[in-house]
Amino acid sequence: MQDDADDKCCSEALDEESDRVWMLIKSYSLLSVRAYHGSMHRLLQVVIRASHSPEETRVHVGTCVAALHQQWRFEASDASSWEESGVLVEHIKCIARQVGVLGVHYLEMAKLLTACAEYYSVVLSQFHEAEKALQQAIHFQQAAPSRTPQIL
């Protein structure tokens, strides 16, 4: 019974500390949430990135790539998918830069970049941006480790 009381006490203290930290972060405009849209100050982003080990960074980037894949719903023939996809394009470009630096998740990112290229060309008629996305996708495909064993 005492363990349950201790757990509840620790949980409440942790909740209070979390609330205090959130209020502090919000008071300095480091984090804001309005109408289902959240944003984080660039300085806070840098601090959080710097605090991760290389392995943690690879894991987090992989999680972001997977989340973007899951959310990407673009269909050229379905105009109702265009707006939602457009919101993700900048996120995909940002994560692609991280993938390029870290050298991980190349093939998954190449698929997203190819999809972005289609979005750029079909929806926005931005053929130069589409070409850049395709070139980056090709680079990632070529840089990806081979999945077939080499025969000597």
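Residues numbered from 1 in each chain as written. Predicted model: local features only at pLDDT ≥ 70, side-chain atom pairs only at ≥ 80, totals over all residues. Heavy atoms only, no water.

J.: For unusual backbone geometry, give the residues involved together with the corresponding values.
T.: Unlike most non-glycine residues, H105 shows phi in positive territory, near 60°. Within the element layout of this structure, H105 appears in the loop between helix 4 (82–102) and helix 5 (106–122). Within the chain, S125 stands out as a residue other than glycine whose phi angle is a positive 55°. As for its position among the elements, S125 is in the loop between helix 5 and helix 6 (127–143). (Helix = DSSP H or I, 4+ residues; strand = E, 2+ residues; numbered from the N terminus.)

J.: Which residues make up the pairing of strand 1 (residues 31–34), and what values go with them?
T.: Inspection of the sheet shows strand 1 paired to strand 2 (residues 37–40) by four bridges, in the antiparallel sense. Considered in strand 2, the bridge of S32 is made with S39. Between strand 1 and strand 2, which follow one another and run antiparallel, lie two residues, and A35 among them has a positive phi close to 50°. (Pairing = 2+ DSSP bridges.)

J.: Explain helix 4 to me, using residue names and the numbers behind them.
T.: Here helix 4 spans 30 Å end to end across 21 residues, near enough to the 30 Å set by a 1.5 Å rise per residue. A bend of about 30° at L88 is the largest found in helix 4. Turning to helix 4, its buried residues number three or more, namely S85, L88, V89, I92, I95, A96 and V99. The inward-facing, buried residues of helix 4 contact helix 3 (54–71), helix 5 and helix 6. Two residues or fewer after helix 4 comes G103, characterised by a positive phi angle close to 75°. (Expected span 1.5 Å × (residues − 1). Bend = angle between axes of the 7 residues up to and from the residue. Buried < 20%, exposed > 50% of the residue type's maximum accessible area, 1.4 Å probe, protein only. Contact = heavy atoms within 4.5 Å.)

J.: Residue-level account of the environment of A66, with values.
T.: Residue placement: A66 occurs in helix 3. The sequence separation of A66 and E108 amounts to 42 residues, and the corresponding C-alpha distance is 8.1 Å.

J.: Describe the pattern of salt bridges, listing the residues and the values that go with them.
T.: Applying the stated criterion to the full structure yields five salt bridges. The residue E55 makes a salt bridge to R58 at a minimum N-O spacing of 3.1 Å. Of this pair, E55 and R58 both sit in helix 3, three residues apart, roughly one helical turn. Residue classification places R58 among the partly exposed residues on the basis of a relative accessible area of 30%. Between E129 and K93 there is a salt bridge, with the nearest N and O atoms lying 3.8 Å from each other. In this pair, E129 is assigned in helix 6 and K93 in helix 4, connecting sequence segments 36 residues apart. On the basis of relative accessibility, which here comes to 26%, the residue K93 falls in the partly exposed class. When salt bridges with common partners are traced through the structure, they connect E90, K93, E129 and K132 into a single cluster. (Salt bridge = Lys/Arg side-chain N within 4 Å of Asp/Glu carboxyl O.)

J.: Would you mind going over the environment of V87 in detail, with residue names and values included?
T.: The residue V87 is located in helix 4 in this model. Since its relative accessible area comes to 53%, V87 is described here as exposed. For the pair V87 and W72, spaced 15 residues apart in sequence, the C-alpha to C-alpha distance is 9.8 Å.

J.: Lay out the nonpolar core in plain terms, naming residues and giving numbers.
T.: Counting residues in each nonpolar core, the largest one holds 26 residues, and the members touching the most others are W72, I92, V99, M109 and F140. Counting residues per element, the ones that place at least two in this core are helix 3, helix 4, helix 5 and helix 6. In terms of residues, this core owes the most to one element, helix 5, which gives 10 residues. Setting aside anything within four residues of it in sequence, one finds F140 in contact with A96, V99, G100, Y106, M109, A110 and L113. (Core = buried A, V, L, I, M, F, W, Y, C linked by side-chain atoms within 4.5 Å.)

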